[in-house]
Structures are given as structure tokens and as C-alpha cells.
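The chain contents come next:
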Amino acid sequence: MLCKRGKKGQATLFIIIAIVIVAVVVLALILVPKLFPRGIGPAKPIDPEAYIGDCVNLALEPSVETLASQGGSLELGNCIVYKDVCRHYLCYSSINYAACVNQEPLLKEKIEQILKTKLGNVVSSCINSFSNSATQQGYEVSICSNPKFNVTLTEGKINVPIECSMTLSKGESVKRVDKINPFLKWPLFEFVTLTKQIINEEIANTDFNPFYYMLKHYSIEIEKFRTSEGSKIYILRERTSGKEFGFAVRNYVLPGGIN
């Protein structure tokens, strides 16, 4: 009787061990290719626009956020601190009772140039990084040594078109690219356009009323704050993303800071 029970117990144990072994083998077949890819089979096509675009945006976005919070500047100049950030005066008068003077009539063009300068070495670095990555994936790479690029603001985007001839070869597959058009999704164009409208109304009508604008344009929220010395701080905010653009105005200031 004891012998039969012993054999039955051994058989059960062998079944459990067999199940465990099968489970381990199945998991290994599923996980090992993911954890340790062999590179067998057709390689995933490498996308220069996606790779270089992600690389450029990684450097571009922090600069855009700083620039937008400071009224379109990266360097500190004629500004006033509000919420721990120095907001640049985009329309300013040091004289009481006087209309402010637009400090940046070409704000869009200035911002484009600032960002282009900021990306001076970044674009070449990102292209070199892409070339190294493609080579590691088995591609033969021929790439330009002096890429040309620009920065332009359009609706909802900061575009960084790059002219750079590159050829990727792998086996019989050959891919040639002469121009790529990476971009960062950011409402800087909309902010600059609205800023221009605010400044024009400040100069023409001595003030700008955010309430009437927001009635027609729900996507943008405008925060307006008056300081004790008569300056006005405008914070433009995209409701869906929370992205902001902030600047200051000193316009038709009355003595004693009453405005």
C-alpha cells in the first residue's frame, strides 16, 4: 500500500515538474527575442526624419519654454519679475501719460533667429548621432558634412527644415534623402500673433480687454495683472496644453502708479 502511494506521489511530482518546464520554455520563447534580439530577419527601416526630429526637439523645447515665459527673449533685459520669472516689456514708456513704444515690432522674426542660433550645433550633432545609429544597425551611410537649416513659426508648429543629402544602403535597399522637415508642436505662432494684437490695442486704445477676446477664442486664456507701479503683465495660456507666453507692458501710466 505504501509503495503504491509512493509511486502515485512520484507521478504527480513528475507531472508538476513537466508543467513547470513547459511554462519556462514558453516564457523563454516569448521573452528572450525581446530582451536579446538577434537581428535575424528584415531590420526595421530607419527613419532619419523621426530620429533627427526627436533629437532636435529634445534640445529645442526647453529653450522655447524659457523664451516664451520671458516674452520672446532668452537673455534678460528690460523686464519685470512676475511669479519668479522676468517678463520682458514688449511695449514700454518711461514717461507718465504717454503711449508705450513697441519694443519688438518684428517679434516673430526675432524669435525665429534666436531659436536658429540656439540650434547652431544641435542639428549637426543630431545628424552625426543618426549616422552612428544607422551604422550600428548595419547600414552604409553617406551623409552631408555641412547641413543647412532654418527655423520658422507657423500655426501650431515650430518648423526646423533641414537640407542635408544622405544615402542609406543595406543589401539591395538604398534610401536617399535630401531634405527633412522636423517640427515641434508648440503654439508660439498663435501667441506671437495675439501679442501683436494686444500691443496694438494698448497703443491705440490705452488698454486691452481680455474678456472680449476670450469670448470669441476659447482655446486661449489670458491672465492680466497690474503692478503697483502701473505695469501690466499678460500671460497667454493654451487651455488644452497649458503652454504659456508671458510679457509686460508699461503704457499710459498715471502718477503714483494709478492706471
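These numbers were taken from a predicted model, which means no experiment stands behind them.

Asker: Account for a nonpolar patch on the surface, naming residues and giving values.
Answerer: Side chains of Phe211, Tyr212 and Leu215 sit close together on the surface and give an oily, nonpolar patch of about 380 Å² of accessible area. By the element assignment, Leu215 lies in helix α6 (residues 210–216).

Asker: Please provide a residue-by-residue account of the pattern of salt bridges, values included.
Answerer: Considering all chains together, one arrives at twelve salt bridges under this definition. Between Lys108 and Glu112 there is a salt bridge, and its shortest N-O distance comes to 2.8 Å. Taken together, the positions of Lys108 and Glu112, both in helix α3 (residues 107–118) and four residues apart, correspond to about one turn of that helix. Ionic pairing is found between Asp178 and Arg176, a salt bridge with its closest N-O pair at 3.3 Å. The network of salt bridges with shared partners includes Lys83, Glu221, Glu223, Arg237 and Glu244.

Asker: Quick rundown of the state of the cysteines? Include the residues and the values.
Answerer: With the rule as written, the count across this model stands at four disulfides. Two residues, Cys55 and Cys126, share a disulfide whose sulfurs are 2.0 Å apart. Sign of the S-S torsion, about -80 degrees for the bond between Cys55 and Cys126, identifies this disulfide as left-handed. Taken together, the positions of Cys55 in helix α2 (residues 48–69) and Cys126 in helix α4 (residues 122–136) put the pair 71 residues apart, joining distant regions of the chain. The exposure class of Cys55 is partly exposed, given its relative accessible area of 25%. The disulfide that involves Cys79 links it to Cys86, with 2.0 Å between the sulfurs. Looking along the S-S bond of the Cys79-Cys86 disulfide, the torsion reads about 80 degrees, which is the right-handed sense. Like Cys79, the residue Cys86 is buried in the burial classification. Counting only the cysteines that take part in disulfides, in the order they occur along the protein chain, gives the pairing 1-6, 2-3, 4-5, 7-8.

Asker: Describe the packing of α2 against α3, with residues and values.
Answerer: Where α2 contacts α3, the two axes come as close as 11 Å, and the packing angle between them is 145 degrees. For the crossing formed where α2 meets α3, the hand is right-handed. Touching Leu60, Ser63, Val64 and Leu67 of α2 are Ile111, Ile114, Leu115 and Lys118, all from α3.

Asker: Go over unusual backbone geometry with me, naming the residues and quoting the values.
Answerer: Despite not being glycine, Tyr97 shows a phi value in the positive range, around 65 degrees. Judged by relative accessible area, which is 56%, Tyr97 ranks as exposed. We note that Tyr252 has phi near 45 degrees; this positive angle belongs to a residue other than glycine. Position of Tyr252 relative to the elements: it lies in the segment after β13 (244–250). With a relative accessible area of 26%, Tyr252 lands in the partly exposed category.

Asker: So what's going on with α2? Which residues, and what values?
Answerer: Spacing of three or four residues puts side chains on the same side of an α-helix, whose turn is 3.6 residues. Taking 1.5 Å per residue as the helical rise, α2 with its 22 residues ought to reach 32 Å, and the 31 Å between its terminal C-alpha atoms agrees with that figure. Buried residues of α2: Pro48, Ile52, Gly53, Val56, Asn57, Leu60, Ser63, Val64, Leu67, Ala68 and Ser69, and no others. Count one or two residues on from α2 and you reach Gly71, which has phi positive near 75 degrees.

Asker: Summarise helix α5 (residues 188–205); cite the residues concerned and give the values.
Answerer: The end-to-end C-alpha distance of α5, which contains 18 residues, comes to 25 Å, matching closely the 26 Å that a straight helix rising 1.5 Å per residue would cover. Restricting attention to buried positions, one finds in α5 the residues Leu188, Phe191, Val192, Leu194, Thr195, Ile198, Ile199 and Glu202. Buried residues in α5, looked at end-on, bunch into an arc of 165 degrees, giving them a common side. Opposite the packed face of α5, turned more than 90 degrees from it, sit the exposed residues Lys196 and Ala204. Just past α5, the residue Thr206 takes up positive phi, approximately 70 degrees.

Asker: Report on the sheet that holds strand β10 (residues 183–185), specifying residues and quantitative values.
Answerer: Spatially, the three strands line up as an open sheet ordered β6-β7-β10, and their pairing is antiparallel. Because the sheet does not close on itself, it has two edges, and the strands there are β6 (152–154) and β10. Within this sheet the neighbouring strands show an average axis-to-axis angle of 20 degrees, counted without direction. Of the strand pairs in this sheet, β6 and strand β7 (residues 157–159) are connected by three bridges, and their pairing is antiparallel. Bridge pairing in β7 places Thr154 opposite Lys157. Along the sheet, α2 makes contact with β7 and β10, crossing β10 at roughly 45 degrees.

About the thresholds
- Residues numbered from 1 in each chain as written.
- Predicted model: local features only at pLDDT ≥ 70, side-chain atom pairs only at ≥ 80, totals over all residues.
- Heavy atoms only, no water.
- Patch = residues over 30% accessible without salt bridge, like charges linked within 9 Å, V, L, I, M, F, W, Y side chains within 5 Å.
- Areas by Shrake-Rupley, 256 points an atom, 1.4 Å probe, with all protein chains shown as cover.
- Salt bridge = Lys/Arg side-chain N within 4 Å of Asp/Glu carboxyl O.
- Helix = DSSP H or I, 4+ residues; strand = E, 2+ residues; numbered from the N terminus.
- Disulfide = S-S within 2.5 Å.
- Buried < 20%, exposed > 50% of the residue type's maximum accessible area, 1.4 Å probe, protein only.
- Axes fitted to C-alpha atoms, helices over the stretch in contact; angles between N-to-C directions.
- Left-handed = near helix turned anticlockwise from the far one by under 90°.
- Contact = heavy atoms within 4.5 Å.
- Expected span 1.5 Å × (residues − 1).
- Arc of directions from axis to C-beta.
- Pairing = 2+ DSSP bridges.

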